[in-house]
Amino acid sequence: MEQQHYDAGDITILEGLDAVRLRPGMYIGSTGTRGLHHILWEIVDNAIDEAANGYADKIDVRIYKDGSVSVEDNGRGIPTDIHPKTKVSGVQVVFTQLHAGGKFDEHNYSFSGGLHGVGASVTNALSKWLKVRVNKDGSTWEMEFHSYFDEQKNKVESGVPVAPLQKTGRCPKSQHGTFVHFMPDDTVFSSVEFQLSTVSHRLRELAFLNKGLSITLTDERITANEYVDEDEEYTQQLDLMGATQPYSVTFCYQGGIADFAAYLNEGKSRLYSQPLYYKGEKDGILVEFAIQHTGEFTESLFSFVNNIPTPEGGYHEMGFRGGITRMLNDYARDNKLLKEKDANLLGDDFREGLTAVLSIKMKNVQFEGQTKTKLGNPEARSPVEGCVVEGLRALAANPKNKKTFEDIIKKAQGAARVRIAARQAKDTARAKNSIDSLTLVGKLAACSGRKPELNELFIVEGDSAGGTAKQARVRQYQSILPLRGKPLNVEKKRLDQVLANEEIRTIISALGAGVGNDFNLDKLNYHKVIILSDADQDGFHIRCILLTFFYRYMRPLVNAGHVYIGMPPLYKVYKANGSAEEYAYDDKELQQKIEKVGRGYLIQRYKGLGEMSADQLWTTTMDPMRRNLTQVTIEDAAAAEDMITTLMGDRVEGRKEFLNRNANFNKVDTFMDKVKLKKEGGNED
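Source: prediction; values computed, not measured.

Each value, and the rule that gives it
Residues numbered from 1 in each chain as written. Predicted model: local features only at pLDDT ≥ 70, side-chain atom pairs only at ≥ 80, totals over all residues. Heavy atoms only, no water. Helix = DSSP H or I, 4+ residues; strand = E, 2+ residues; numbered from the N terminus. Expected span 1.5 Å × (residues − 1). Buried < 20%, exposed > 50% of the residue type's maximum accessible area, 1.4 Å probe, protein only. Pairing = 2+ DSSP bridges. Contact = heavy atoms within 4.5 Å. Axes fitted to C-alpha atoms, helices over the stretch in contact; angles between N-to-C directions. pLDDT = per-residue confidence, 0-100. Phe/Tyr/Trp six-rings, centres within 6.5 Å; stacked < 30°, edge-to-face > 60°. Lys NZ or Arg CZ within 6 Å of the ring centre and 35° of its normal.

Undergrad: Summarise helix H6 (residues 196–209); cite the residues concerned and give the values.
TA: Here H6 spans 20 Å end to end across 14 residues, near enough to the 20 Å set by a 1.5 Å rise per residue. In terms of burial, H6 is largely enclosed, as 12 of its 14 residues are buried.

See below:
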């Protein structure tokens, strides 16, 4: 190969916001639905930081009919004076310079979620236009930015100021804050439609986390004129959500995260009526927590750092769990609820059925990973643990809480008895021995590959479909595990009851990574665990059961993105002479395939996987190059928790209401409102 000339002149320097435009995924994770909402969160987080530091108490978010969105707060307002280094206004610096902001200096913000200084500028870079209005010191200032294609440079110029910041009027000195209005660029994102449910869930969560903060969400796309006559049921749904028309709802919780814990436990049996709440500070870290035990058997902990969700946990969660275990054991000893000869109870015992919300605020936060899902500050562990111990001691000292703490200890003792009785079953499910192997004899058709990162496990509904899948698979990397009947619905079941179910045991054994708190991703045999069930009511139910099991007892498996759902087609459109053959996955696509095949078409409706030949199953559902495979991830753990409780728990009325509104058994995404489904190729669905 001829060596090409290469010198310093060949090095490209990306100026301004060009880097964001060229590689948006580096800044917002993806250009799908998740990335679209990310650019909104960046602006919302700026407003939240004003509120969290005591400068604002109202935030208004509005989605307009044209698809644009605005965020307004009554904080201090972005600085409008000239920046000493860049010689342009502070507003222009914030929206055009990466890594520019007031959050690197602790003098301006004690605590901040937006730590990287790229939020506002990234939103500007990925928008068609963005408008800013600032009320500050009795004056109103405005500025506008556009993105356009420069034919001479043959590239898109992103977030370019239309004109310098201009003073457009006067305002009362008591009126202050920032208004940001932007239109996402449809040439960047696969979809520019903001999802009302996604936005409302996050704003509700932020209102819980910031006691007394009023957040109003308005969606002008939903109006009475459009929906009352055409969709009476949807109008009723809006009424149930407490909204007006056009859709507008205000979230404000004077109880803060105590209200959050109570909200999460709606419809569940509770050990005590009101959550236990405490707020304290140690070593410069503010710690808030609210706990409430329920009749459930699994722990639900939702943690946040500077208002940012940390679904993968971190050192603050370690401190929280350690503090609960230490204090409650001490309490049990001091109050003679544990005898001297009794061993201490384990943390798992105290956390059985526990719903907890933990929110900390600290400086110099270090999140692990670009998506900020795990706290990496070791110094947070000890202060959090100390605050939890102090807080629980203060709560226990209140005579009104005496029975509450006694009930917590009694529940933990009951959990300990079950734990001891279930130890043998748990070891059996975990150990690599002959007994473990026997549970898979005649069930698992294992692949020959020894690299977990390449291996796939298909959990298939029924022996018939399992037999077809075994014929269709590539033996080198695809394993097949047929289910003989429905697995156990693990919601409201103890671990010993879960392990007594044969279908669940086979899944645990096949994955090889343990279960519950002993689950270890490093031991996982398959990096793709694919649920393959029929596109009908029974198949939908099996998906729900399996996803509930993975969420409750193998949460890291879901968080790491190893769980997928295979979507078999509903129809085959073909010609009898074999000249055309197309597959459709829903009724809308069916019409498109009919038009593609043309006159003389025939339609085959698949009622189940067992009706497909091995070749058809491979072509439509198992071939990595052609299959319709979706990845399950937890976008909003609190919303997922609520949905699982609704669908799989005892909330009969809530389940009926949800199914009446949403049931469409040909669509996998009706399972959980906030479980995100991502196509294998990377486009979010």
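Undergrad: Can you explain the sheet that holds strand S10 (residues 276–282)? Please cite residues and give values.
TA: The pairing of strands in a sheet comes from backbone hydrogen bonds and takes either a parallel or an antiparallel form. In spatial order, the strands read S10-S11-S14-S12-S13; together these five strands make up an open sheet with mixed pairing. Because the sheet does not close on itself, it has two edges, and the strands there are S10 and strand S13 (308–309). As paired elements, strand S11 (residues 285–293) and strand S14 (residues 354–361) share eight bridges and run antiparallel to each other. The residue bridging His293 from the neighbouring strand is Leu354, located in S14. Against the sheet, helix H10 (residues 315–334) contacts S11, strand S12 (300–305) and S14, and its axis sits at roughly 130° relative to S12.

Undergrad: Account for the confidence of the model for the chain, with residues named and values stated.
TA: When pLDDT is low, close inspection of the predicted coordinates is not appropriate. Mean pLDDT over the chain stands at 83; residues scoring 70 or higher make up 81%. For the chain, per-element mean pLDDT is lowest for strand S25 (residues 675–679), which scores 42, and highest for strand S1 (residues 58–63), which scores 98. Ignoring residues within four places in sequence, the model shows residues 1–15, a span with pLDDT below 50, making four contacts including any to other chains. In the model, residues 224–241 has pLDDT below 50 throughout and makes 24 contacts with residues more than four positions away in sequence or in other chains.

Undergrad: Account for the environment of Ile63, with residues named and values stated.
TA: Within the fold, Ile63 resides in strand S1. Distance from Ile63 to Leu217, taken between C-alpha atoms, is 8.0 Å for residues 154 residues apart in sequence. Residues within four places of Ile63 in sequence aside, it is in contact with Ser68, Val69, Phe194, Val199, Thr218, Asp219, Glu220 and Arg221.

Undergrad: Report on the packing of aromatic side chains, specifying residues and quantitative values.
TA: For the coordinates displayed, the defined rule picks out 10 aromatic pairs. Taking 5.4 Å as the distance between ring centres and 40° as the angle between the ring planes, the aromatic pair formed by Phe208 and Tyr263 counts as tilted. Taken together, the positions of Phe208 in helix H6 and Tyr263 in helix H9 (residues 257–264) put the pair 55 residues apart, joining distant regions of the chain. Judged by relative accessible area, which is 2%, Phe208 ranks as buried. Ring geometry for Phe549 and Phe550: centres 5.6 Å apart, planes at 50°, overall tilted. Look at Phe549 and you get buried, because its relative accessible area is 0%. Connected via pairs of aromatic rings, a cluster forms that spans Phe208, Tyr253, Phe260, Tyr263 and Phe304. The residue whose ring lies beneath Arg133 is Phe179, and the NZ or CZ to ring-centre distance is 4.3 Å. The side chain of Lys572 reaches across the aromatic face of Tyr574, ending 4.7 Å from its centre.

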